[in-house]
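# Observations on the three-dimensional arrangement
Letter by letter, the chains look like this.
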Amino acid sequence: MAIKIIAATGCPTGIAHTFMAQEALEQAAKRHGVEIKVETHGQVGIQNPLTPEDIAEADGVIIAADKDVQAERFAGKRVIDVPVGKAIKDPDALIEQIISGNVPIFRGKEPVTEEKDVNVETRSGSGAAIGHTIYKHLMNGVSHMLPFVVAGGVLTAISFLFGIYSFDPKSSQYNEFAATLKTIGGMGMNLMVPVLCAYIAESIAKRPGLVIGFIAGMIAYTNGTGFLGGIIGGFLTGYIMLGLAWAFKKLPKVFDGLKAIFLYPVIGLFIVGLLMWVLSSPMEAINKGLMSFLTGFQHSNPVLLGIIVGSMCAFDMGGPVNKAAYVTGTMLLGQGNYYFMAGVSAACITPPLVTGFAALFFRKYFDQGERNAAYVNFILGSTHITEGAIPFAAKNPLTTIPILMVGSSISAILTYLFKVQVPAPHGGFLVLPVVTRPFMWVTAILTGSIIGAILYGFSRKHSTAQQTENREGIASVI
Amino acid sequence: MAILTLDNIHRGLIAKSQVEVFQAIANTAVKNGYATHADAVIQGLKDREKESTTGFLDGFAIPHTKNAAIQRPGIIVQTMENGVEWSSMDGQPVKIAIAMLIPESEAGTAHLNYLSKIAKMLMHEEVRKQLTHAQNEQEIFDILSQYLGE
């Protein structure tokens, strides 16, 4: 009996490579005398769609795509998953591999990644492939989160234009419209962590992950873990839901409906929810501990204090560490120490400005969407909305966060050395009229931001270069 | 107007870099009424190239972009006297660039199918040979039209 192969091809633009891969696979199949049906995911939509019968009858599946082609359908089949370029360049190797039968069975939601196919040259070890998978999940979360940050952040910033206390009914600046804007903007920003968490989980475990990811993200948000907690929650949820899918695999088909609307959400939430709760509850203690630690340092050497404050503010941008610095600052304001808050504000303003300046100086290492978001960060940074930098940090936390910490530390150190006093707890540059030595303060912040931007720009340049190198090696992402 | 005309095909460019090829393609696109701004087309082609190379095998490349400055779909062919570095799949310098321009708002899917047909036909080695050995614009036009008409 003739071997039957099915394939799905797709590329981001969906004009050229999707169809080149289709043609290449069809020709290669003809050369090897096997039957093939290729489904294309192009600009015009899905063409030549694979039916459930096609999938059931197939001896093997080739996924040659740089976009989602609904690989879940192929669970239980022998599946090769490669970038679309691989099918264009070397279709025969893929067909031969399917014929040889030496292909692992695709289990559940996690596609078989390229490192497992033996006939195909791979420079990347398994570490790189896992790294790529994690990056893909993370990016799914970040790209969904970004518009929330921009929408919420900009509305909040606009409300500050009415006066930084315009939201407070007890203040003489109170303005109902501004207060409403700030509330709406705040809701947008508060959704950041849940959305980040939900879409990381969705990328790993599809819809069951999305549902539980949202709730895990709400737990992270409510318990004040900041975006780092959201990232951890997203991965935790995703992989636990994959585990559940595996555990339920043995259930008879009649339970499929029950699985989707009852078993996954309820059992998933029970496990993930409790775990997230336990993991995130120490946050308050961490926060309190850091605060008393920090209060002890308030009169220490300005350089040391600047490093501590700067690093704390930029570390998690709204998480427990940042909050500890910020709340300590507002508390000390109440006690009449206006110096401490000046450094905290400088350190909180710096991270978004770092991304803005970096996108300005290193234009070509940022794509269009990132550049736009980075330019919006000039507004968010200038109004003390540190969260603007989160999408950039979340993309590559291990490199970006230390860079932001350096930038913020420099801003804070200079602020302390210049003996600037800031009597307001937020508002960014909008409070300049009440700042003592406002010019020095702005200089301190710009210095930290620009140094940070140069470091960040070079890190982007470095990672772009690395990606190019990988691409040349495996002719991936077309 | 047609997606491909004889006027869209130009031969014998001497280009030092990929950008110079894009410039020639964009100028043709504007001159022949496919696009409003050459700069936007060049940027679009560059951005696409940044995602990954469109360089293919045997000196062929299919740069393409979907862009607001493009008014109607078109195929622009530019051949080079010298090979241009393109990080192509087989590492060979590119001598024939077949550019595909796609408007932002594409109403009919028929046009997109034409573009895809061109991409598919390049998968055939004999087509690549024919195009490489074509002596003039008319020959290139005839080869491409033959596949577009199918």
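Bear in mind the structure is a predicted one, so any value in this text is a computation, not a measurement.

## Some details on the overall build of chain A
- What chain A contains, in helices and strands, is 17 helices and five strands.
- Within chain A, the proportion of its 478 residues that are buried is 50%.
- Taking the intrachain contacts of chain A between residues at least 6 apart in sequence as the baseline, contacts between residues at least 24 apart amount to 73%.

## Remarks on the packing of helix α11 (residues 302-316) of chain A against helix α12 (residues 320-334) of chain A
Residue and element names in this part refer to chain A.
- As a packed pair, α11 and α12 sit with axes 6 Å apart at the nearest point and diverge in direction by 135 degrees. Between α11 and α12, the angle is such that the two are oblique. In this structure, α11 crosses over α12, and the sense of that crossing is left-handed. Every residue of α12 that contacts α11 at V309, M312, C313, F315 and D316 is listed here: P320, V321, N322, A324 and A325.
- In terms of residue class, the contact of α11 with α12 is made up of eight nonpolar, one polar and one charged.

## Some words on the pairing of strand β4 (residues 60-65) of chain A
Residues and elements named next belong to chain A.
- Across the six residues of β4, six count as buried, placing the element largely inside the fold.
- Where strand β1 (residues 4-10) lies against β4, six bridges are found, and the strand directions are parallel. Residue pairing for β4: I6 is matched across the bridge by V61.
- Sheet topology note: the β4/strand β5 (residues 79-82) ladder contains four bridges and is parallel. Within β5, the residue paired with A64 across the bridge is V82.

## Notes on the nonpolar core
Residue and element names in this part refer to chain A.
- Core analysis: the biggest nonpolar cluster contains 101 residues, and M192, L196, A216, F227, M241, V309 and V344 have the highest contact counts within it.
- Among the elements that line this core, the one with the most residues is helix α7 (residues 192-222), at 19 residues.
- In this structure, this core is formed jointly by two domains, domain 2 (129-281) and domain 3 (284-463), each of which donates at least three residues.
- Ignoring sequence-local partners within four residues, the contact set of V309 consists of A325, G343, V344, A347 and A412.

## A few points about the interface of chain A and chain B
- Each partner contributes residues to the interface: chain A has 19 residues there, and chain B has 18 residues.
- Of all the secondary-structure elements, those providing two or more residues to the side of chain A that touches chain B are α1 (17-32), α3 (84-89) and α17 (438-474) of chain A.
- Top contributing element to the side of chain A that touches chain B by residue count: α1 of chain A, with five residues.
- Residue composition of the side of chain A that touches chain B, by class: ten nonpolar, five polar and four charged.

## Considering unusual backbone geometry
Residues and elements named next belong to chain A.
- Unusually for a residue other than glycine, K206 sits at a positive phi of about 55 degrees.
- Relative to the elements of secondary structure, K206 occurs in helix α7.
- In this structure, K419 takes a positive phi of about 55 degrees despite not being glycine.
- Residue position: K419 is located in the loop between α16 (397-417) and α17.

## Observations concerning the sheet that holds strand β3 (residues 45-47) of chain A
Residue and element names in this part refer to chain A.
- The mixed open sheet is built from five strands, whose spatial order is β3-β2-β1-β4-β5. One side of each edge strand has no neighbouring strand; the edge strands of this open sheet are β3 and β5. Taking each pair of neighbouring strands and ignoring which way they run, the sheet shows an average axis angle of 15 degrees.
- Taken strand by strand, α1 contacts β1, β2 (35-42) and β4, and its axis lies near 180 degrees from that of β2.
- The strands touched by helix α4 (residues 91-100) are β1, β4 and β5; relative to β5, the strand with the most contacts, the crossing angle is about 160 degrees.

How each quantity is defined
Residues numbered from 1 in each chain as written. Chains lettered and ligands numbered in written order. Predicted model: local features only at pLDDT ≥ 70, side-chain atom pairs only at ≥ 80, totals over all residues. Helix = DSSP H or I, 4+ residues; strand = E, 2+ residues; numbered from the N terminus. Buried ≥ 20, exposed ≤ 12 C-beta atoms within 10 Å, placed from the backbone. Contact = placed C-beta atoms within 7 Å. Axes fitted to C-alpha atoms, helices over the stretch in contact; angles between N-to-C directions. Parallel < 35°, antiparallel > 145°, perpendicular 65-115°, else oblique. Left-handed = near helix turned anticlockwise from the far one by under 90°. Nonpolar A, V, L, I, M, F, W, Y, C, P; charged D, E, K, R; others polar. Pairing = 2+ DSSP bridges. Core = buried A, V, L, I, M, F, W, Y, C linked by C-beta atoms within 7 Å. Domains from an automatic or database assignment.

The analysis is restricted to geometry; functional conclusions fall outside its scope.
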